[in-house]
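So the chains spell out like this:
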Amino acid sequence: MNDLLSPLVLSQWQFGLTTIYHFLFVPITIGMATTTAVFQTAWVRTSKAKYLQLTHFFGKLFLINFAMGVVTGIVQEFQFGMNWSTYSRFVGDVFGAPLALEGLLAFFLEATFIGLWIFGWDKLPRGLHLATIWLTAAGTILSAYFIIAANAFMQHPVGFELNKVRGRAELTDIWAVLSNKVALAAFPHTIVASFMVSAALVICVAAWHLARNQHLDTMRPAIKFGMWTMIGAGILTVLTGDQLGLAMVSTQPMKMAAAEALYKTSSGADASFSIFTLGTPDGVNELFSIRIPYLLSFLSTHTLNGTVEGINDLQAEYTSLYGPGNYAPVIWVTYWAFRWMIGLGLLSVIISIVGLWLIRGGRMPKQRWVWRVAVWAFPLPLAAMIVGWIFTEMGRQPWIVFSLLKTKDGVSPNITGLDVLISIVAFTLIYGALAVVEFRLIKRAAQKGPDDVVPLDDTSGRPSDAVTVY
Amino acid sequence: MDLSLLWFGIVGFLFIGYFVLDGFDFGVGMALPFLGRDEIDRRVMINTIGPIWDLNETWLIVAGASLFAAFPEWYATLFSGFYLALLLILLALIARGVSFEYRHHRPESRWKSWFDGMIVVGSAVPALLWGVAFANIVQGVALDSNHNYTGTLFDLLNPYALLGGLTTLLLFFTHGVVFVSLRTDGDLRLRSQRLAVRSGIATIVVAASFLLWTNLAHGKPLSWILAGAAAVLLIGSFIANFRAKERGAFTLMAVTIAVAVLSLFAALYPNVMPASNDPANSLTIANASSTPYTLTVMSWTTLIFLPLVLVYQGWTYWVFRKRVTRASIPQPTSTTAS
């Protein structure tokens, strides 16, 4: 059996593909739960019909997406044991706790209160019903915290000691794990970026209707809300990303070096940040590049004359620490993923700033292409988040738990290439089919517009068939 | 106090919660073709579990994560060893979950019957395979000295395990049908009572054979007592259902499932995953568990938060206690469901 069909390589591909697929739904769920809660709060406080319409309309888009997030999430939990049993044995004592806390504190909360929200319009008083969507949103955000704390242990293991006899990491300090500095930086970064994703969805849908000059009373406030959210969340994403960068430099300097494809340790003006490079990212054949001097130093140390360690020095250091081997990730992936993350995120914010200016004071641009940009900009922040996670996870390689366990040593020893081939094909087929159905349903629901969702003469706010939603 | 033993109990409790709760979701799903005579019937049935199937399924996620945290070795051995069986369960759960959400989005009957089919298969496959999996855990599987499963999928499909699968399939089916009778009205309610009587007989025969086999092969005094209690409770549920006492029938059915799973855990003790080839390779409560520190952290969190979870989930069930009637279903022409 060749390398491509080894359980290790296939398991890596499967984990990457299923995680990216799952993550298509995660930021939308986090962002849209809160967005729906905000619209419903506006309705409860003002009793204005348009806010109720927006609540139902965006709530529906949220729900179509929610089910996919739930069912693809179970796959994630199972895969640690199924494909990475050696990893699970090694970290279970530490890594299992945040997962269990996530289930007990967050998943139960969101799964219970989402049911109450969907089916409870006519069964609960207004205020209590409003609380159910906020508790759902709280559950989604809380779950992000625990899973990021678990992930942070893989990036920067803390709060444990190695048991040589058992050959495993053992938890010694749960607070250290939950307050891992990588988690404290990555969590807000992920949450505010999720709000960029939901903002892009709101903008996309609102722009589609405004371009057709319909539903102005609901879609104008919606697009303004979306654009302001995008700008606010965008600024916060930059600030939290900066903090995450600092945490990364101090815990995984190799990842920062790989982000810039910096082979030689550099400082001051030489620690420049290249926006674009033509040539090979191994630095041997650089044809052309646009560089900003000092920027890499500033990103890494918040000073202009700081020193940034290069891949070659780190490789030498790690070889002496951990033995022979290649300790650099795949550089072209980290280099470009890092740039695409920043570029796509900034582009989303710029589109919103320009958009707000274009629609200022009730203006409605006549040109179709203006609206088209707003509609088609939807995937940008989502793509930025996904390449951001690809950077985070690929940048950790060759480690599965940094400095403790390599990815190649984490795979289940008793699964065959055929087993994983079967599962990867099965997941690809079912996920692919569901993506088509999901996209069509969301598109259909979005294009139908808010008026059809609910008859507004009903002051209780319940949709016409609230009791029997399905 | 020995915390690993406590966690053996908590993991058991979480799986019991999962089987009792998602068990009737599976039953409702499997009973769609038997009880759903028209679109309105089928919508009534799906709406009986509409608000709760997701929280019921979450018990699996919490049980799995707790297994990972409290018994990493057990989790790793079980999940890598039962790879293809768990893959089938995952695919089925995906199909079922999205179908509940997707089926009502379009009015065409072809669209709906496609997702109805996915709900039926997506409910039956896990209902069968969870029994197969747990029977294999109790019976023991081939493990090497590193606790890695050395058999194949087909080794898991042995007669005893298949009987276990058939047991959970029938238990969950009857459980779900009784649930439909408890949560609906009129003709559907009467038909589900009658169906529960018929499936109840098969369930009693199969479940009793399985529990008998389990205890003859792996029994201990406690597991014998629990299995006997489960059999009595199951017959009690059957009688209650026969006498049209839905609430009693459903309660007894839920307790039956709980006690039957307890009986399996009692038979398993002190192992968590016996090695059928060499007892020295067995995973036990002692050698599979996490450190006392991790278990202490988990115990306090569970002690504080699980009661809270039970309260708000109980309240949810109370909010949705009213029967779902045909009259509450709007005309099929309506496509405006939120």
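None of these values were measured; they are calculated from a predicted model.

Rules used throughout
Residues numbered from 1 in each chain as written. Chains lettered and ligands numbered in written order. Predicted model: local features only at pLDDT ≥ 70, side-chain atom pairs only at ≥ 80, totals over all residues. Heavy atoms only, no water. Helix = DSSP H or I, 4+ residues; strand = E, 2+ residues; numbered from the N terminus. Rg over C-alpha atoms; globule rule 2.2 N^0.38 Å. Buried < 20%, exposed > 50% of the residue type's maximum accessible area, 1.4 Å probe, protein only. Contact = heavy atoms within 4.5 Å. Areas by Shrake-Rupley, 256 points an atom, 1.4 Å probe, with all protein chains shown as cover. Lys, Arg positive; Asp, Glu negative; His and termini not counted. Charge placed at Lys NZ, Arg CZ, Asp CG, Glu CD. 1 Å grid on protein atoms, 1.4 Å probe; cavity = no way out; pocket = protein on both sides within 12 Å on 5 of 7 lines; lining within 4 Å. Points joined across faces, edges and corners; volume = space filled by probe spheres on them. Nonpolar A, V, L, I, M, F, W, Y, C, P; charged D, E, K, R; others polar. Axes fitted to C-alpha atoms, helices over the stretch in contact; angles between N-to-C directions. Parallel < 35°, antiparallel > 145°, perpendicular 65-115°, else oblique. Left-handed = near helix turned anticlockwise from the far one by under 90°. Buried area = accessible area lost by both parts, 1.4 Å probe. Salt bridge = Lys/Arg side-chain N within 4 Å of Asp/Glu carboxyl O. Polar contact = N/O pair within 3.5 Å; in protein donor to acceptor, adjacent residues only side chain to side chain. Pairing = 2+ DSSP bridges. UniProt positions renumbered as here; feature names shortened; annotations may be inferred. Patch = residues over 30% accessible without salt bridge, like charges linked within 9 Å, V, L, I, M, F, W, Y side chains within 5 Å. Phe/Tyr/Trp six-rings, centres within 6.5 Å; stacked < 30°, edge-to-face > 60°. Lys NZ or Arg CZ within 6 Å of the ring centre and 35° of its normal.

With that settled, consider the overall build of chain B. Scanning chain B from N- to C-terminus turns up 13 helices and two strands. At 20 Å, chain B has a C-alpha radius of gyration in line with the 20 Å of a compact globule built from 338 residues. Counting only C-alpha atoms, chain B reaches 65 × 40 × 35 Å along its principal axes. Buried residues in chain B amount to 63% of all 338 residues. Counting contacts in chain B only where the partners sit at least 6 residues apart, residues at least 24 apart contribute 78% of the total. Of the roughly 12100 Å² of accessible surface on chain B, a fraction of 71% belongs to carbon and sulfur atoms. For chain B, the distance from the average position of its 21 positive side-chain charges to the average position of its 18 negative side-chain charges is 14 Å.

With that settled, the discussion passes to the overall build of chain A. When helices and strands are counted, chain A shows 14 helices and eight strands. At 24 Å, chain A has a C-alpha radius of gyration in line with the 23 Å of a compact globule built from 470 residues. Expressed as lengths along the three principal axes of its C-alpha atoms, the size of chain A is roughly 75 × 50 × 45 Å. Every one of the 470 residues in chain A was classed for burial, and the buried ones make up 59%. Taking all contacts inside chain A whose residues are at least 6 apart in sequence as the whole, residues at least 24 apart take part in 79%. When the accessible area of chain A is evaluated, it comes to approximately 18200 Å², of which 68% is carbon and sulfur surface. Taking the 31 positively charged and 27 negatively charged side chains of chain A as two groups, their mean positions are separated by 11 Å.

This part covers empty space enclosed by the protein. Residues and elements named next belong to chain B. Considering all chains together, one arrives at 10 cavities of 30 Å³ or more under this definition. Quantified by volume, the largest cavity comes out at close to 190 Å³. If you go around the largest cavity, you meet 17 residues; those closest to its centre are Thr168, Leu171, Ala260, Val261 and Leu264. Elements with a contribution of two residues or more to the lining of the largest cavity: helix H6 (109-139), helix H8 (159-183), helix H9 (186-218) and helix H11 (246-268). With five residues, H8 is the largest single contributor of residues to the lining of the largest cavity. Its residues assigned to classes, the lining of the largest cavity comprises 13 nonpolar, four polar and no charged.

All names here are of chain A. Running from N to C, helix H8 (residues 253-260) and helix H10 (residues 311-322) cross one another at 150 degrees; their axes reach a closest spacing of 9 Å. The pairing of H8 with H10 is recorded here as roughly antiparallel in orientation. In the crossing of H8 with H10, the sense of the turn from one axis to the other is left-handed. Listed contacts from H10 to Pro253, Met254, Ala257 and Ala258 of H8 are Ile311, Leu314, Gln315 and Tyr318. The residue inventory of the contact of H8 with H10, partitioned by class, reads seven nonpolar, one polar and no charged.

Moving on, we get to the interface of chain A and chain B. With 79 residues of chain A in contact, the opposing surface of chain B contributes 79 residues. Between chain A and chain B, roughly 7100 Å² of surface is buried when both sides are summed, and carbon and sulfur atoms account for 70% of that area. The largest per-residue losses of area from chain A upon contact with chain B belong to Arg89(A), Phe108(A) and Tyr470(A), which jointly make up 14% of the total buried on that side. Taken together, chain A and chain B are joined by one salt bridge. Joining chain A to chain B, the criterion identifies 21 residue pairs in polar contact (both at pLDDT 80 or more). Among the elements that make up the side of chain A that touches chain B, the one with the highest residue count is helix H3 (residues 85-119) of chain A (24 residues).

Glancing now at the layout of surface pockets. All names here are of chain A. In this structure, the second largest pocket spans a volume of roughly 1000 Å³. Along the walls of the second largest pocket sit 43 residues, with His189, Gly241, Phe338, Met341 and Ile342 positioned nearest its centre. At the level of secondary structure, the elements contributing two or more residues to the lining of the second largest pocket comprise helix H4 (126-155), helix H6 (181-211), helix H7 (216-251), H8, strand E4 (273-279), helix H9 (295-301), helix H11 (331-358) and helix H13 (379-394). The element contributing the most residues to the lining of the second largest pocket is H7, with nine residues.

Attention shifts here to the pairing of strand E1 (residues 160-163) of chain A. Residue and element names in this part refer to chain A. Bridge analysis of E1 against strand E2 (residues 168-171) gives four bridges, and the strand direction is antiparallel. From the neighbouring strand, Asn163 faces E2, where its bridge partner is Arg168. Connecting E1 to the antiparallel partner E2 that follows it, the hairpin turn spans four residues, and Gly167 within it adopts a positive phi of roughly 65 degrees.

Attention now goes to the environment of Leu124(A). One can find Leu124(A) in the loop between H3 and H4. A relative accessible area of 10% means that Leu124(A) is categorised as buried. Leave out the neighbours within four places in its chain, and Leu124(A) touches Leu116(A), His129(A), Thr132(A), Trp315(B) and Val319(B).

Moving on: the packing of helix H1 (residues 7-46) of chain A against H6(A). All names here are of chain A. At a minimum axis separation of 8 Å, H1 and H6 run at an interaxial angle of 80 degrees. As judged from the angle between their axes, H1 and H6 are roughly perpendicular. Facing H1, whose interface residues are Phe23, Pro27, Ile28, Ile30, Gly31, Met32, Thr34 and Thr35, H6 presents Thr190, Ile191, Ser194, Phe195, Val197, Ser198, Leu201 and Val202. The residue inventory of the contact of H1 with H6, partitioned by class, reads 10 nonpolar, six polar and no charged.

Moving on: the UniProt feature "transmembrane region" (unreviewed entry) in chain B. Residue and element names in this part refer to chain B. In the numbering used here, UniProt assigns the feature "transmembrane region" (unreviewed entry) to residues 6-32, 74-94, 114-139, 159-183, 195-216, 222-242, 249-269 and 297-320. As annotated, residues 6-32 comprises 100% helix and 0% strand, and the C-alpha atoms at either end are separated by 39 Å. With 100% helix and 0% strand, residues 195-216 has its two end C-alpha atoms placed 31 Å apart.

Turning our eyes to something else, we now look at helix H2 (residues 39-49) of chain B. Burial runs high along H2(B): 10 of the 11 residues are buried. Looking only at H2(B), the buried set comprises Glu39(B), Ile40(B), Asp41(B), Arg43(B), Val44(B), Met45(B), Ile46(B), Asn47(B), Thr48(B) and Ile49(B).

Moving on: the pattern of salt bridges. Residues and elements named next belong to chain B. Within this structure, the stated rule accounts for 21 salt bridges over all chains. A salt bridge links Arg103 to Asp116, with the shortest nitrogen-to-oxygen separation between them at 2.6 Å. Taken as a pair, Arg103 in the loop between helix H5 (83-102) and H6 and Asp116 in helix H6 lie far apart in primary sequence, 13 residues in all. Like Arg103, the residue Asp116 is buried in the burial classification. Two residues, Arg106 and Glu108, come together in a salt bridge whose shortest N-O distance is 3.4 Å. Relative accessible area serves as the criterion here: at 25%, Arg106 is assigned to the partly exposed category. Each member of the salt-bridge network shares a partner with another, and the members are Asp38, Asp41, Asp187, Arg191 and Arg326.

Residues and elements named next belong to chain A. On the surface, Leu4, Leu5, Leu418, Leu421, Ile422, Val425 and Leu429 cluster together to form a nonpolar patch covering roughly 640 Å² of accessible area. Examined against the element boundaries, Val425 turns out to sit in helix H14 (residues 417-448). By relative accessible area, which is 42% here, Val425 ends up partly exposed.

A full pass over the atoms with the stated rule returns 61 aromatic pairs over all chains. A ring pair is formed by Phe23(A) and Trp389(A), whose centres lie 6.1 Å apart and whose planes are at 65 degrees; its orientation type is edge-to-face. Taken together, the residues span a long stretch of sequence, with Phe23(A) in helix H1 and Trp389(A) in helix H13 at a distance of 366 residues. Every member of this aromatic cluster is reached through a ring pair, and the members are Phe8(B), Phe15(B), Tyr18(B), Phe19(B), Phe26(B), Phe71(B), Trp74(B), Trp130(B), Phe134(B), Phe172(B), Phe265(B) and Tyr269(B). When the ring centre of Phe273(A) is taken as reference, the NZ or CZ atom of Arg339(A) above it lies at 4.5 Å. Note that Arg321(B) overlies the ring of Trp318(B), its terminal NZ or CZ placed 4.0 Å from the centroid.

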